[in-house]
Amino acid sequence: STMFLCVLVAILAVIGSWRCHKLHVDVLRQRNDELVESAAAAAAAHASELAEFQASADALRHELAAAAAQQVEQDAEMKELEEALRRAERTAAMVEAGHYCTGKS
């Protein structure tokens, strides 16, 4: 009868240990599922932020290209104005010196 009680206690101890282990595994699985869901939500949020950042960067690149094109156009206009100014200065100098050609022979 003592042997039976020892075996019964041992069996109960094994069952209790197994149930405790199973409970621990279930808790770990639940925590893992929560972490996976949290990581997926964070990844989705980061992907959304990245898409917004890329759209903003594309818009800035477009603005920069437009500004660069405008600068090239303004530089060309400035060169034309400088050349016209030089011509006007040469003409004024020639008029002052009395060497301006009127087109008459």
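Structure: above.
Residues numbered from 1 in each chain as written. Predicted model: local features only at pLDDT ≥ 70, side-chain atom pairs only at ≥ 80, totals over all residues. Heavy atoms only, no water.

A. Fine view of the overall build of the protein. For the protein, the count of helices and strands is one helix and zero strands. Its C-alpha atoms give the protein a radius of gyration of 44 Å, more than 25% over the compact-globule value 13 Å for 105 residues. Its C-alpha atoms give the protein principal-axis dimensions of about 145 × 15 × 15 Å. The buried share among the 105 residues of the protein stands at 1%. Summing over all exposed atoms, the protein offers an accessible surface of approximately 9,500 Å²; the carbon and sulfur share of this is 64%. Both charge centroids of the protein, one from 10 positive and one from 16 negative side chains, sit 5 Å from each other. (Helix = DSSP H or I, 4+ residues; strand = E, 2+ residues; numbered from the N terminus. Rg over C-alpha atoms; globule rule 2.2 N^0.38 Å. Buried < 20%, exposed > 50% of the residue type's maximum accessible area, 1.4 Å probe, protein only. Areas by Shrake-Rupley, 256 points an atom, 1.4 Å probe, with all protein chains shown as cover. Lys, Arg positive; Asp, Glu negative; His and termini not counted. Charge placed at Lys NZ, Arg CZ, Asp CG, Glu CD.)

B. Molecular detail of a nonpolar patch on the surface. On the surface, M3, F4, L5, V7, L8, I11, L12 and I15 cluster together into a nonpolar patch covering about 790 Å² of accessible area. Relative to the helices and strands, L5 is located in helix α1 (residues 2-97). (Patch = residues over 30% accessible without salt bridge, like charges linked within 9 Å, V, L, I, M, F, W, Y side chains within 5 Å. Salt bridge = Lys/Arg side-chain N within 4 Å of Asp/Glu carboxyl O.)

C. Highlighting the pattern of salt bridges. Enumeration according to the criterion identifies six salt bridges in this entry. Across the salt bridge formed by D58 and R61, the nearest N and O atoms sit 2.4 Å from each other. Here the residue D58 and the residue R61 both occupy positions in helix α1, the gap between them amounting to three residues, near one helical turn. For D58, a relative accessible area of 46% corresponds to the partly exposed category. E83 is paired through a salt bridge with R87; the nearest N and O atoms lie 3.9 Å apart. A residue pair is termed a helical-turn pair when its members lie 3 or 4 positions apart in one helix, as E83 and R87 do in helix α1 at four residues. Here R87 falls in the partly exposed class, since its relative accessible area comes to 43%. Here the residues in one salt-bridge network are E83, R86, R87 and R90, joined through shared partners.

In short, shape yes, function no, at least from these values alone.
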